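# An overview of the molecular structure
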Amino acid sequence: MTPTVWYHVRNLDEGRRFYRELLGFEEVAVDFEARWSTLRRGKMVIGLAEGEPVETGVAHVDVTDLKGEAERLRQAGVEVGIVLELTGEMRLLDVYDPDGNRIQLAQEL
């Protein structure tokens, strides 16, 4: 399973925990020696590699209740943008991991 997007994180263990526990990703592979992990949520597959964060692509993750996700993540102390709604079509929300990597949550209406 090849990741669609790779993110660099300063601490692999913290990054893995953030994506699994707060964003609901399932870890499908991890290499503790080489310091990388592959995670999946729905159709989106991401890779995490320990290192200095750099601007890369953006993971697009489908959710069923974007406003609920936004509130839950805010309460957990996650950096969350504002909900953007394309009337009658889609809601979008940018979420940032602890290293500033951007993840876009989306809900089709």
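We now turn to the structure provided with this report. (Residues numbered from 1 in each chain as written. Predicted model: local features only at pLDDT ≥ 70, side-chain atom pairs only at ≥ 80, totals over all residues. Heavy atoms only, no water.)

### Here we look at helix 2 (residues 66–75)
Within helix 2, the full set of buried residues consists of Leu66, Glu69, Ala70 and Leu73. The buried residues of helix 2 occupy one face: seen down the axis, they fall within an arc of 100 degrees. Those residues of helix 2 that are buried are in contact with helix 1 (12–22), strand 3 (36–41), strand 6 (79–80), strand 8 (90–96) and strand 9 (102–108). Gly77, located one to two residues past helix 2, shows a positive phi value of around 85 degrees. (Buried < 20%, exposed > 50% of the residue type's maximum accessible area, 1.4 Å probe, protein only. Helix = DSSP H or I, 4+ residues; strand = E, 2+ residues; numbered from the N terminus. Arc of directions from axis to C-beta. Contact = heavy atoms within 4.5 Å.)

### A look at the side chain of Ser37
Take Ser37: it is sitting in strand 3. Ser37 sits in the buried class, given a relative accessible area of 0%. In terms of polar contacts, Ser37 uses its side chain to reach the side chain of Glu27, at 2.6 Å. In this structure the side chain of Ser37 is engaged in a polar contact, spanning 3.3 Å, whose partner is the backbone oxygen of Ala29. Apart from residues lying up to four places away in sequence, Ser37 is in contact with Trp6, Leu12, Arg16, Glu27, Ala29, Val30, Ile46, Gly47 and Leu48. (Polar contact = N/O pair within 3.5 Å; in protein donor to acceptor, adjacent residues only side chain to side chain.)

### Describing the environment of Glu27
Its location among the elements puts Glu27 in strand 2 (residues 26–31). Contact partners of Glu27, with chain neighbours within four places excluded, come to Arg16, Arg20, Ser37, Thr38 and Leu39. Side-chain polar atoms of Glu27 contact the side chain of Arg16, separated by 2.6 Å.

### Remarks on the packing of aromatic side chains
Across all of its chains, the model carries three aromatic pairs by this definition. Centre to centre, the rings of Phe18 and Tyr19 are 5.2 Å apart; their planes meet at 80 degrees, and the pair counts as edge-to-face. We note that Phe18, like Tyr19, is buried. One aromatic cluster in this structure is built from Tyr7, Phe18, Tyr19 and Phe25. (Phe/Tyr/Trp six-rings, centres within 6.5 Å; stacked < 30°, edge-to-face > 60°.)

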